[in-house]
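Each chain is listed here by its residues.
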Amino acid sequence: MVYNVTLIPGDGIGPEVVEATVSVLESTGLKFVWDRQETIGAAAVEEYGTPLPEMVLDSVRRNKVALKGPVTTPVGKGFKSVNVGLRQRLDLFANVRPCLTLPGIKTPFENVDLIIFRENTEGLYSGIENFDERLEIADTISRITRTGCRRIIEFAFDYARRTGRQKITLVHKANILKQAGAMFLDIGREVAARYPEIEVNDRIIDNMSMQLVMYPERYDCIVTTNLFGDILSDLCAGLVGGLGVVAGANIGSEYAIFEAVHGSAPDIAGQNKANPTALIRTGEMMLRHLGEHAIADVVASELVSVYQEGRTLTADVGGTSSTDEFAAYLSDRISSRVASLKA
Ligand code: NAI
Ligand code: MG
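Here is a short report on the structure shown in this document. (Residues numbered from 1 in each chain as written. Chains lettered and ligands numbered in written order. Predicted model: local features only at pLDDT ≥ 70, side-chain atom pairs only at ≥ 80, totals over all residues. Heavy atoms only, no water.)

When its secondary structure is counted, the chain shows 11 helices and 12 strands. Since a compact globule built from 343 residues should have a radius of gyration of about 20 Å, the 20 Å found for the chain is in line with a globular shape. In terms of overall dimensions, the chain has a C-alpha envelope of 60 × 50 × 40 Å along the principal axes. A buried classification covers 52% of the 343 residues belonging to the chain. Restricting to contacts in the chain with at least 6 residues of sequence separation, those with at least 24 account for 72%. Accessible surface, the chain: about 15,400 Å² in total, of which carbon and sulfur atoms supply 53%. The centroid of the 35 positive side-chain charges in the chain is displaced by 4 Å from the centroid of its 44 negative side-chain charges. (Helix = DSSP H or I, 4+ residues; strand = E, 2+ residues; numbered from the N terminus. Rg over C-alpha atoms; globule rule 2.2 N^0.38 Å. Buried < 20%, exposed > 50% of the residue type's maximum accessible area, 1.4 Å probe, protein only. Contact = heavy atoms within 4.5 Å. Areas by Shrake-Rupley, 256 points an atom, 1.4 Å probe, with all protein chains shown as cover. Lys, Arg positive; Asp, Glu negative; His and termini not counted. Charge placed at Lys NZ, Arg CZ, Asp CG, Glu CD.)

See the structure below:
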């Protein structure tokens, strides 16, 4: 079996963590053919006059699966996010972000195990904006649809049922957003009625933020709209050691793009310092998506062992190793483990 996967290194720390993750995935002995799509974002604007060239989209359509590094979006000016563009153009409506404690990282909590399901194509990210020069009024339309709410909520419930998770919290702002918030919450309750084995509750977003930094152990799965999910994912990353360790996946009914929660981290780019753990865990999610559960288990458990030992870690989690050293050490462990399983 050979897996054809689109590989988007991205920019900033992207190429560093992507190469590290490729080496780890290849250390499993599985065979991948990487369809490299290097020209995206600012580099693509220079070369093709667009940040998101059609050939990148075509590659994902062809291979159905992509592994992606972050791509920088200019702040307050310039081109629209290609990360959002990919999700919208390929209809990757479910952004799945597990936040799972790793041993040996100093955090206030010991056993965080949360999954955020973020709607990935609508809401404040719809891109419907207008600026009235004369009146100096900026409008942003946050549009959500019944279909969009239903499919992300159903996705979360199906996922919970399939993986034996027990609780789902619907996160909203229905006290203030009496149309959009209420619609999301109503659909949530409707869908929940079909999953009697799953406990359901709801929280208003601001209270949810407080709850998560005080009592993360009370929560299991969280399903919410696009912007709330974006913000809560970085918050939850902070509960388990930061953006260097949390994975993510963008899933649609036809295609899937696997990318970590973090961005291009310009402050540490090009220094061989970035933590590739987030993208390696993302790669583990990709392996499960491809049906390679046994190999994914090996990657997950060797990763935990490396953290338990605590000798080969990157700076963001208190170590002194480089991106490459971390990846090489983990890869060695994985290949010996796979060899011993085969023997
Ligand atoms: P960021 O996630 O790039 O960085 C936030 C902080 O976390 C920085 O201090 C950074 O050094 C640290 N960090 C992030 N990933 C790390 C890793 N793997 N190892 C160690 N430390 C890590 O967020 P920021 O600075 O807000 O955004 C930078 C750029 O990334 C922006 O242009 C933004 O639009 C873009 N971005 C792209 C995303 C994507 O491609 N999916 C997602 C989020 C942001
Ligand atoms: Mg974000």
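Moving on: the site of ligand 1. Taken together, 22 residues form the shell around ligand 1, and within it Val-71, Gly-263, Ala-265, Asp-267 and Asn-275 come nearest. Here an oxygen atom of ligand 1 sits 2.9 Å away from a polar atom, N or O, in the main chain of Val-71. Here Asn-275 contributes a backbone N or O atom positioned 2.9 Å from a nitrogen atom of ligand 1. Considering ligand 1 on its own, with 810 Å² of exposed area, one finds that the protein chains cover 70% of that surface. (Near = heavy atom within 4 Å. Polar contact = N/O pair within 3.5 Å; in protein donor to acceptor, adjacent residues only side chain to side chain.)

Scope: geometric values only; no functional claims are made or implied.
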